[in-house]
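Spelled out from the first residue to the last, the chains are:
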Amino acid sequence: ILFGTPTPVAVDVDMGCLKEDQVNIIVHGHEPNLFESVLVSVNDPTLLEKAKAAGAKGINLLGMCCSGAEMLSRHGVPHAGNFMSTETVLVTGAVDAMCVDVQCIKQGLVAVADCYSTPLITTNPRCHLESATHIEFDEHNPMGCTDEIVIKAITRFKNRKHPVEIPKISNPGIHGFSYEYINYMLADIG
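Calculation criteria
Residues numbered from 1 in each chain as written. Predicted model: local features only at pLDDT ≥ 70, side-chain atom pairs only at ≥ 80, totals over all residues. Heavy atoms only, no water. Helix = DSSP H or I, 4+ residues; strand = E, 2+ residues; numbered from the N terminus. Buried < 20%, exposed > 50% of the residue type's maximum accessible area, 1.4 Å probe, protein only. Contact = heavy atoms within 4.5 Å. Patch = residues over 30% accessible without salt bridge, like charges linked within 9 Å, V, L, I, M, F, W, Y side chains within 5 Å. Areas by Shrake-Rupley, 256 points an atom, 1.4 Å probe, with all protein chains shown as cover. Salt bridge = Lys/Arg side-chain N within 4 Å of Asp/Glu carboxyl O. Core = buried A, V, L, I, M, F, W, Y, C linked by side-chain atoms within 4.5 Å.

This part is about the environment of leucine 39. The residue leucine 39 is located in helix 1 (residues 32-42) in this model. Taking relative accessible area as the criterion, leucine 39 reaches 19% and is therefore assigned buried. When the C-alpha atoms of leucine 39 and methionine 71 are compared, they prove to be 9.1 Å apart, with 32 residues separating the residues in sequence. Leave out the neighbours within four places in its chain, and leucine 39 touches Leu61, Met71, His75 and Val77.

Where nonpolar side chains cluster on the molecular surface, the patch consists of Ile174, Phe177, Ile182, Tyr184, Met185 and Leu186 and spans about 640 Å² of accessible area. Ranked by the residues each element gives to the nonpolar patch, the list is headed by helix 7 (residues 179-185), at three residues. Topologically, isoleucine 182 is positioned in helix 7. Classification of isoleucine 182 as partly exposed rests on a relative accessible area of 37%.

Turning to the nonpolar core, a few remarks are in order. Core analysis: the biggest nonpolar cluster contains 27 residues, and Val23, Ile25, Leu34, Ile59, Leu61 and Ile149 have the highest contact counts within it. Looking at this core, the elements with two or more residues in it are strand 2 (23-28), helix 1, helix 2 (45-53), strand 3 (59-64), strand 5 (95-100) and helix 6 (142-158). For this core, the element with the highest residue contribution is helix 6, accounting for six residues. If near-sequence neighbours (up to four positions away) are discounted, isoleucine 149 is found in contact with Ile25, Leu34, Ala97, Cys99, Ile121, Thr123 and Ile135. Of all hydrophobic cores here, the second largest spans 24 residues; its members include Ala80, Met98, Val100 and Ala113.

Dropping the structure here:
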């Protein structure tokens, strides 16, 4: 309720939503405050200029798992995959940062991220992964955390060492059918 009621929006999903010529940031988890703040950070003109100075055409924000589904339906943020594809998306070499908060986080994710020099960033004070970078999310100063995540992703983009292999599969869909929207559309029938 605090973040607004979803309404239908056309959005692509799957790993084909990654972009080789952009800084790709994936938010994976369950806490909407983190994702909402990352959305603001990736649209900050100063950070967009830093991304362009690093050779990127822009910053591509993608969701994964539950908070990804929320941002898909509320803001039209593309969804890269679900819990089962969290490791696979890193193997593309295109993910410049993945930040996680709580739940549904595979313990082996750190090792896979290390293989591809991808920063894996934990943000919740109660949910750390051994050897992951921790940037604590402070609800009173959310941009302190999320701006730092974006800067780490830009740095990784600039220094990509591994080949990028993005699957050519993305699927369009209409998402965000809330109870309220369905009632609105069917109001004349009842």
